[in-house]
Amino acid sequence: MKYIQWKKYPGNTTQIHMKETPYLSFKALDRIGFVRHGFSTRLGGISEGHLTSMNLGWERGEARENVVKNHEIIGKAIGFDPRNVVTSHQTHTTNVVEVTKEDRGKGVYFPREFENVDGLVTNDPNVVLATYFADCVPLYFVDVKQKAIGLTHSGWRGTVGKIGMMTIKKMQECFGTKPEDLVVCIGPSICQDCYEVSKDVADEFIKAFPGHKEELLKERKNEKYLLDLWRSNELIFQEAGVLPENIHTTDLCTCCNPQVLFSHRASKGKRGNLAAFLEISGE
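Let me sum up the structure you'll find in this document. (Residues numbered from 1 in each chain as written. Predicted model: local features only at pLDDT ≥ 70, side-chain atom pairs only at ≥ 80, totals over all residues. Heavy atoms only, no water.)

Details of the overall build of the protein chain
Selection criterion: Only runs of H or I of at least four residues qualify as helices and only runs of E of at least two qualify as strands under DSSP, and these elements are numbered from the N terminus. Radius of gyration here is computed from C-alpha atoms only, and the compact-globule reference equals 2.2 Å multiplied by the residue count raised to the power 0.38. Note on contacts: a residue pair qualifies if any of its non-hydrogen atoms lie within 4.5 Å across the two residues. Computed with a 1.4 Å probe, the accessible areas rest on the Shrake-Rupley method; for each residue, only the protein chains presented here act as cover.
On a plain count of helices and strands, the protein chain comes out with eight helices and 15 strands. Its C-alpha radius of gyration of 18 Å places the protein chain within 12% of the 19 Å reference for a compact globule of 283 residues. Within the protein chain, counting contacts between residues at least 6 apart in sequence, those at least 24 apart form 66% of the total. As displayed, the protein chain offers around 12100 Å² of accessible surface, 45% of which is attributable to carbon and sulfur atoms.

In structure tokens:
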């Protein structure tokens, strides 16, 4: 697997690690010495059919043992122990919870405990936060002073509800995080050119981001709009006090690259799940 053909991949913020099991990382997070992270592709796993091959989703109709095996494969590639992964049941909320070393394995090897939760934070080493995607936006948070992390799933509902800000507030509450000490990344997800929404969704964003309609929405025919989730999340981070130079936005659209990344839109729902992983490395 020496070559992957991408569409629109300049490689300014992300890089592809071409191992037996490819994965993506953010250059900004690679430079932080105490974290390990990655974002999966759909390549290098054992799944078949429309789930080919690195499906990491628990609710896509695949045998659980296959999903566990795929977590083990991607864990080996990125360098984390899959027994340390913590997952939640994502339902497009703005709910964020703190997890600890006592939660390791929940959702992979043990029953999932966190229901209706779309953001996870921790300051415990060797706890692998995991969130799952197929067009929605992964948000990575690293507090370089307090050595705390967060990982969040943000679709349009989470974005209009500003779950990125909710995650920062949770980190402030739990770890004393200051926004100016955060490095944040907006991960591979659907780009504005691919993301058409109806007027009712557009109206929600106009209300949530006053003064930014022209920046976030391109009007089309029949009361349809193209929505920029990436820029929306950048505005949320800026509003929360994250320094502009510490906000790093993806190069990659999932919908533009359905041969490499799962996309709900491109596949019309016949797809698996990608995953984001983030961990504080142990000593």
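Structural notes on unusual backbone geometry
Cis peptide bonds are those with omega within 30 degrees of zero, and the linkage from T52 to S53 qualifies with -15 degrees. Mapped onto the fold, S53 is located in the loop between β3 (35-40) and α2 (64-78). One non-glycine residue with positive phi stands out, namely N222, at about 60 degrees. For N222, the position within the fold is in the loop between β12 (217-219) and β13 (224-227).

Regarding helix α7 (residues 229-240)
For clarity, the cut-off: Multiplying one less than the number of residues by 1.5 Å gives the expected span of a helix. Burial classification: accessible surface area is computed with a 1.4 Å probe over protein chains only, and a residue below 20% of its type maximum counts as buried, one above 50% as exposed, and the rest as partly exposed. Counted as a polar contact is a pair of N or O atoms within 3.5 Å, where, for protein atoms, one must be capable of donating a hydrogen and the other of accepting one, and residues adjacent in sequence contribute only when both atoms are in side chains.
Given a rise of 1.5 Å per residue, 12 residues ought to cover 16 Å, and the 17 Å separating the end C-alpha atoms of α7 matches this to within 8%. Of all 12 residues in α7, nine are buried; the element is thus mostly enclosed. Within α7 the residues assigned to the buried category are L229, W230, S232, N233, E234, L235, I236, F237 and A240. One side-chain oxygen at the N-terminal end of α7 lies 3.1 Å from the backbone nitrogen of W230; it belongs to D228. Within two residues after α7, G241 carries a phi angle of roughly 105 degrees, on the positive side.

Topic: the sheet that holds strand β11 (residues 196-198)
The line we're drawing: Whether two strands pair depends on DSSP finding at least two bridges between them. Axis definition: a line fit to C-alpha positions, over the contact stretch in the case of helices; interaxial angles, taken between N-to-C directions, run 0 to 180 degrees.
Read from one edge of the open sheet, three strands run β11-β13-β12, paired in antiparallel fashion. A single partner strand is all that each edge strand has here, and the edge strands are β11 and β12. On average, adjacent strands in this sheet sit at an angle of 40 degrees to one another, irrespective of strand direction. The sheet contact formed by β12 and β13 spans three bridges and is antiparallel. Paired with E219 across the two strands is Y225, which belongs to β13. Packing against the sheet, helix α5 (residues 199-208) makes contact with β11, β12 and β13, and its axis sits at approximately 90 degrees to β11.

Details of the side chain of S88
Within the secondary structure, S88 sits in the loop between β4 (85-86) and β5 (96-98). Judged by its relative accessible area of 5%, S88 is buried. Within the structure, S88 has its side chain in polar contact with the backbone oxygen of V117 (distance 2.8 Å). Excluding residues that lie within four positions of it along the chain, S88 makes contacts with R112, F114, V117 and L120.

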